Amino acid sequence: VRSLLLAALLGALGAGGTELTLELPDSAQRCFHQELESGTKITLDYQVISGGHYDVDCYVEDPNGKTIYQETKKQYDSFSHHTELKGVYTFCFSNEFSTFSHKIVYFDFQVGDEPPILPDMNNRGTALTQLESACVTIHEMLNAVIDSQTHYRLREAQDRSRAEELNGRVSYWSVGETLILFVVSIGQVVLLKSFFTEKRPSSSGAGT
Amino acid sequence: LALYFHSGEREEKCIIEDIPTDTLVVGNYKVQSWDIHKHGFLESAPGLGMFVTVTSPNGEVVLSKLYGPQGTFSFTSHLSGEHIICFQSNSTRFAVIAGSKLRIHLDIRVGEHFLDESAIQAKDKVNEVNVRLEHLIEQIHHVTREQDYEREREEKFRKTSEETNSNILWWAIVQTLILISVGIWQIKSLRDFFISKKLV
């Protein structure tokens, strides 16, 4: 349910956004770029859904290459910025610190403020009709629904990933411990028996 | 198009979409290739195409088509789960040129059914509201599908947690029993051994 009523009623007018879920292999970096005007508000939300310690490095650069946001080993974060320069902005996710766990990262890159759903809502002379104000209310509530659903979907995905990992670990270690138990206990008896079994011809009195 | 990223000539880049069943996904993309002579990305590259492959959660390929340098693809999910959308260019010629890369612009929209703007303009005010309301109803159905899918996933999650819980309990009991019986076996075995060696 992305950009529900907004796209329905207005098409893409200045505001827009992309949300993607991607797999980040170990020791890899993935970068995304977007051309933006100056004075736009951008928001980047990202969350690691599965993999390793559920953390990722992220940085955002402006067209001049200056880093406007940088975080290492974050599980989730939200970053807002008003662009000052016109040009290509870059944001990258890096899993370079990890040698064997690939991560699944979700990000949502929103550009621009959301325009009002009725084109002349704010500067018309008369009050809104009942129908129009009902539309506005529905629109706002549906936006809240979208945000809520996305939030819960991500949290659930992450928690389920942890639970599955835990289940796997419990199974492997249980089997492993049982084997170790057998090996150690049988080994102990065998070893102890071997102490009292002399193979040398001159017995030390322990036999016979 | 908005967001773009870079990819190698023969590299496959994939994104994951975790969606409920009966959901329409529409993607717009544009691909540009790097021109070494001009040191820039060409506005359009003739002959350059893009393989778009969509794999459904159970591994079967839902969509696998070759599109031109710019295009729109769409598919409707029949299963709920993680669908993987992969992009790979069809260029075989430039494989030997080092440093060749592609710029892929991408825009993916999930669960939206496009409003037929022209149908709205032609009719009168009441019909316009009608059309918008029908669109709204369709969107709310999508919300319901997402919620049903969420319920499915939470159930799977709860099953996993309960399985872990009972695994821990069962293995703890089993290991304790093994410990006790192995301990008894150890003592018996050693006692018999010492008796046979006439040490006891």
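Described in the following lines is the structure provided in the data block. (Residues numbered from 1 in each chain as written. Chains lettered and ligands numbered in written order. Predicted model: local features only at pLDDT ≥ 70, side-chain atom pairs only at ≥ 80, totals over all residues. Heavy atoms only, no water.)

**Focus on the overall build of chain B**
Spelled out, the test is: Strands are runs of DSSP state E lasting at least 2 residues, helices are runs of H or I lasting at least 4, and numbering of each runs from the N terminus. Only protein chains enter the accessibility calculation, which uses a 1.4 Å probe. A residue is then buried if its area is under 20% of the maximum for its type, exposed if over 50%, and partly exposed in between. Should any heavy atoms of two residues lie within 4.5 Å, those residues are counted as being in contact. Here the Shrake-Rupley method, with its probe set to 1.4 Å, supplies the accessible areas, and only the displayed protein chains count as covering residues.
Helix and strand counts for chain B come out as two helices and nine strands. Counting helices and strands in the order they occur from the N terminus, chain B gives β-β-β-β-β-β-β-β-β-α-α. Burial analysis of chain B (200 residues in total) assigns 42% to the buried set. Considering only residue pairs separated by 6 or more positions, chain B has 73% of its internal contacts joining residues 24 or more positions apart. Carbon and sulfur atoms make up 57% of the accessible area of chain B, which totals about 11,400 Å².

**Focus: unusual backbone geometry**
The residue K73 of chain A is not glycine, and still its phi comes out positive at about 50°. As for its position among the elements, K73 of chain A is in strand β5 (residues 67-74). Backbone geometry at D22 of chain B places phi at a positive 55°, although glycine is not the residue there. Note that D22 of chain B resides in the loop between β2 (12-19) and β3 (24-35).

**Examining the nonpolar core**
Inclusion rule: Only buried residues count toward a nonpolar core, which is a set of Ala, Val, Leu, Ile, Met, Phe, Trp, Tyr and Cys residues joined through side-chain atoms within 4.5 Å.
Residues F93 and F107 of chain A are the most contacted members of the largest nonpolar core, which totals 44 residues. Setting aside anything within four residues of it in sequence, one finds F93 of chain A in contact with L24, A28, Q29, R30, L44, Y46, V56, D57, C58, V105 and F107 of chain A. Counting six residues, the second-largest nonpolar core is a separate cluster that includes I104, Y106 and L154 of chain A together with I16 of chain B.

**Topic: the interface of chain A and chain B**
For clarity, the cut-off: What counts as buried area is the accessible surface, traced by a 1.4 Å probe, that two parts surrender upon association, with contributions from both included. Here, a salt bridge means any Lys or Arg side-chain nitrogen found within 4 Å of an Asp or Glu carboxyl oxygen. N or O atoms within 3.5 Å of each other form a polar contact, as long as, within protein, one can give a hydrogen and the other can take it, and as long as residues adjacent in sequence are counted only when both atoms are side-chain atoms. Three residue categories are used. Nonpolar comprises Ala, Val, Leu, Ile, Met, Phe, Trp, Tyr, Cys and Pro, charged comprises Asp, Glu, Lys and Arg, and polar comprises the others, including Gly. Between any two strands, at least two bridges found by DSSP are needed for them to pair.
Facing the 55 residues of chain A at the interface are 51 residues of chain B. Across the chain A to chain B interface the summed buried area is about 4,900 Å²; carbon plus sulfur atoms make up 64%. Remark: the boundary between chain A and chain B carries two salt bridges. With a shortest N-O distance of 3.9 Å, R153 of chain B and E156 of chain A are connected by a salt bridge. Linking chain A with chain B are twelve residue pairs in polar contact (both at pLDDT 80 or more), by the criterion used here. The set of elements that each furnish at least two residues to the side of chain A that touches chain B consists of α1 (4-10), β1 (16-24), β2 (29-36), β7 (87-94), β8 (103-111) and α2 (130-195) of chain A. At 28 residues, the largest contribution of residues to the side of chain A that touches chain B is made by α2 of chain A. Across the side of chain A that touches chain B, the residue classes tally to 30 nonpolar, 14 polar and eleven charged. Pairing of β1 of chain A with β2 of chain B, which is carried by two bridges, proceeds in the antiparallel orientation. Considered in β2 of chain B, the bridge of L22 of chain A is made with I15 of chain B.

**A short note on a nonpolar patch on the surface**
Threshold: Exposure above 30% relative accessible area and no salt bridge define the residues that can form patches, which grow by joining like charges within 9 Å and nonpolar side chains of Val, Leu, Ile, Met, Phe, Trp and Tyr within 5 Å.
The grouping of F182, I186 and V190 of chain A together with W185 of chain B at the surface amounts to a nonpolar patch, some 370 Å² of accessible area in total. Among the elements that make up the nonpolar patch, the one with the highest residue count is α2 of chain A (three residues). Tracing the backbone through its elements, the reader meets I186 of chain A in helix α2.

**Considerations on the pattern of salt bridges**
Enumeration over the complete set of coordinates arrives at twelve salt bridges over all chains. As a salt-bridge pair, D107 of chain B and R109 of chain B come within 3.8 Å of each other at their nearest N and O atoms. What you see here is one network of salt bridges that share partners, running through E156 and R160 of chain A together with D18, E150 and R153 of chain B.

**Topic: the side chain of D18 of chain B**
Here D18 of chain B shows up in strand β2. Owing to a relative accessible area of 10%, D18 of chain B belongs among the buried residues under this scheme. A polar contact is formed between the side chain of D18 of chain B and the side chain of Y149 of chain B, at a distance of 2.4 Å. In this view, D18 of chain B contacts R153 of chain A together with G81, E82, Y149 and R153 of chain B; residues no more than four positions away in its chain are not counted.

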